[in-house]
Amino acid sequence: ADVRQYCKNCDEPPRKTSESDTHALRLLELSNAYISSRAVQLFAELGLADIIHSNSSSRSASVEQICAQLIHVPPLKPCSLRRLLHFLTALGVLRFHEPNSHFALTPMGNLLRSDVPNSQYSSLRVAYQHFPIFSHMINALAQHEQPSEISKSGAPRQIENNDQEQDIVREDQRGSSFFADLEARPELGTLFDDAMAAHLQRETNAMLRSAYDFRGVRSIVDVGGGNGSLLLAILAKHRSIQSGVVLDLPSVARRTQAGLDQMVSEGRALGAFDAGSEQDTHVENDSRAMDEGLKQKYLAAARCSALPADFFECFADKLPQRPDTIVLRKVLHDWTEIDARRIVQRCAEALRDAENEKSPRLLRLPNEAYRRDQIE
């Protein structure tokens, strides 16, 4: 725009952009995108969207007001924070009101608040803390004399002598794996669970509407299911499913079970489990339909439990019963071919001798469904 204005002022026709110039500009955009992403992630990490929204009735704040409310050690420099906020204004996250030098959230920036539907707050905070590992991407490409991988439990594991598999999965510059870090830091693990649930909510809704048929399923296991949001949605939608199990690392399973227990307690206090409280499935009144949806979530929590286990190890004997369906969602892409096969093998072991012999299956969501004979 500046070039066009300059050419207009000096009465010179703008030079036609060559294909090479277009590609060069695109490469610069891709290179500089790292700066933009880190700025937006830092905005979320500091909780600035909540601070700006909560400040006065105008839902805007000056740099000085933000600094006064921001708890950070060491304190931030107002001049540097102002530059960051102006940069985020250029990205469309904020609006700047020149008369009073206040910053306000745009509709896009509003999604960085922690208390709104479709919030991206948790997702960007997780990205802020873990995406720096990609600055060490060369480590994943380099060959290692003694290739080993990091299991989800964080323990090193020797792998087969396969040139295509000689890389370290999700290992950062400190030598610890992504999942080991989540296991060691429960507060970060909770943040990650919330981020995944928010990130995948739209996908979950679409999936339950028409993508997968859960009719005839009686027991289901969500392997690597985090806080259980997907499994709860499935159980709430399909009341005929008798039981569900969320299988994940011990720290995750403890948090998930605590959340399920809390939901059951709340449901019991609200009378969701009282005899005769079932309503007709076909509800016309919107408010009544919302109540019914909430009640089904409570009933789903009562049919759901969390199981601590490592999906690289055999977990079939730990399950309360053999499932007829196992769900894998956003799991296999985190691992090498060898590890992915190992995960699927553990799932296949759990599906063998299932009570419902007609349709034992493994669902790798959201892409494809595999029947047991295809797995074997």
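Use the structure listed above.
Residues numbered from 1 in each chain as written. Predicted model: local features only at pLDDT ≥ 70, side-chain atom pairs only at ≥ 80, totals over all residues. Heavy atoms only, no water.

### What to know about the overall build of the protein
When helices and strands are tallied, the protein shows 16 helices and eleven strands. Here the contacts in the protein between residues at least 6 apart in sequence split such that 64% fall between residues at least 24 apart. Of the roughly 21,400 Å² of accessible surface on the protein, a fraction of 52% belongs to carbon and sulfur atoms. (Helix = DSSP H or I, 4+ residues; strand = E, 2+ residues; numbered from the N terminus. Contact = heavy atoms within 4.5 Å. Areas by Shrake-Rupley, 256 points an atom, 1.4 Å probe, with all protein chains shown as cover.)

### Remarks on the nonpolar core
If you look at the biggest cluster of nonpolar residues, it comprises 29 residues, and the most contacted ones within it are Val223, Leu247, Phe311, Phe315, Leu319 and Ile343. Not counting the four nearest positions on each side in its chain, Ile343 is found in contact with Phe311, Phe312, Leu328, Val331, Leu332 and Trp335. Among the nonpolar cores identified, the runner-up in size contains 23 residues, and Ala61, Val93, Leu112 and Leu124 belong to it. (Core = buried A, V, L, I, M, F, W, Y, C linked by side-chain atoms within 4.5 Å. Buried < 20%, exposed > 50% of the residue type's maximum accessible area, 1.4 Å probe, protein only.)

### With respect to the pattern of salt bridges
This model, assessed by the stated rule, comprises seven salt bridges. Close ionic contact of Glu29 with Arg26 constitutes a salt bridge, the shortest N to O distance being 3.2 Å. In this pair, Glu29 and Arg26 are both assigned in helix 2 (residues 19-45), three residues apart and thus about one turn of the helix distant. Owing to a relative accessible area of 49%, Glu29 belongs among the partly exposed residues under this scheme. Of the residues examined, Arg26 reaches a relative accessible area of 45% and is grouped as partly exposed. (Salt bridge = Lys/Arg side-chain N within 4 Å of Asp/Glu carboxyl O.)

### Observations regarding the packing of helix 2 against helix 5 (residues 78-90)
Remark: helix 2 packs on helix 5, axes separated minimally by 10 Å, with the N-to-C direction vectors making an angle of 115 degrees. The angle between helix 2 and helix 5 places the two elements in the roughly perpendicular class. Once helix 2 is placed against helix 5, the crossing between them reads as left-handed. For the pair formed by helix 2 and helix 5, the contact residues are Ile35, Ser36, Ala39, Val40, Leu42 and Phe43 on the first element and Leu84, Leu85, Phe87 and Leu88 on the second. (Axes fitted to C-alpha atoms, helices over the stretch in contact; angles between N-to-C directions. Parallel < 35°, antiparallel > 145°, perpendicular 65-115°, else oblique. Left-handed = near helix turned anticlockwise from the far one by under 90°.)

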